[in-house]
Amino acid sequence: MTTVLVLNGPNLSRLGSREPDVYGSGTLDDLRAALDGEAAGLDIDMRQTDDEATLIGWLHEAVDKKRPVILNPAAFTHYSYALRDAAALVTQAG
C-alpha cells in the first residue's frame, strides 16, 4: 500500500477554534477523517508541526523513502526559502 505524507504547518492544530469565521469550524481531525474516507488504497500519514525544521526533516524523509507528499505549509508559504528548497527536492525525486 502506498503511504502518502500529509504535512501541515504552524497553527493548523488549532483549526476549528482559531478564527472559525475565517478558517471554518472543521478541525485537523476532521480533515484526517475526510482524507481517510477518500483515500481508497492509500495509507495516509498525516502530521502537523509548528516547527519549520521538523517540517523540512519530514520532506527529506519523503525524498529518502520516495513517498508522495501533500503539503500545507500554512504561514511558512510566505517566507520560508528553506522549506521551498526542501519541497523542490520532493518534486525532483518524483
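Our structure is the block above this text.
Residues numbered from 1 in each chain as written. Predicted model: local features only at pLDDT ≥ 70, side-chain atom pairs only at ≥ 80, totals over all residues. Heavy atoms only, no water.

Student: Mind laying out the packing of helix 3 (residues 52–65) against helix 4 (residues 81–93), listing which residues take part and the relevant values?
Tutor: Relative orientation of the contacting elements helix 3 and helix 4 amounts to 10 degrees, with a least axis distance of 9 Å. With respect to their mutual orientation, helix 3 and helix 4 come out roughly parallel. Within the contact between the two elements, helix 3 uses Glu52, Leu55, Ile56, Leu59, His60, Ala62 and Val63 and helix 4 uses Ala82, Leu83, Ala86, Ala87, Leu89, Val90 and Ala93. (Axes fitted to C-alpha atoms, helices over the stretch in contact; angles between N-to-C directions. Helix = DSSP H or I, 4+ residues; strand = E, 2+ residues; numbered from the N terminus. Parallel < 35°, antiparallel > 145°, perpendicular 65-115°, else oblique. Contact = heavy atoms within 4.5 Å.)

Student: Go over the pairing of strand 1 (residues 2–8), please, and point to the residues and values.
Tutor: Among the seven residues of strand 1, six are classified as buried, and the element is accordingly described as predominantly covered. Both strand 1 and strand 2 (residues 42–48) contribute to a ladder of seven bridges, which runs parallel. Looking at the pairing, Val6 lines up with Met46 of strand 2. Relative to strand 3 (residues 69–72), strand 1 runs parallel, the two sharing four bridges. Residue Val6 lies in a different strand from strand 3, and its bridge partner there is Ile70. (Buried < 20%, exposed > 50% of the residue type's maximum accessible area, 1.4 Å probe, protein only. Pairing = 2+ DSSP bridges.)

Student: Hey, could you go over the pattern of salt bridges for me, with residue numbers and the actual values?
Tutor: Applying the stated criterion to the full structure yields five salt bridges. With a shortest N-O distance of 3.0 Å, Arg47 and Glu61 are connected by a salt bridge. Here Arg47, found in strand 2, pairs with Glu61, found in helix 3; they are 14 residues apart in sequence, far enough to count as distant. (Salt bridge = Lys/Arg side-chain N within 4 Å of Asp/Glu carboxyl O.)

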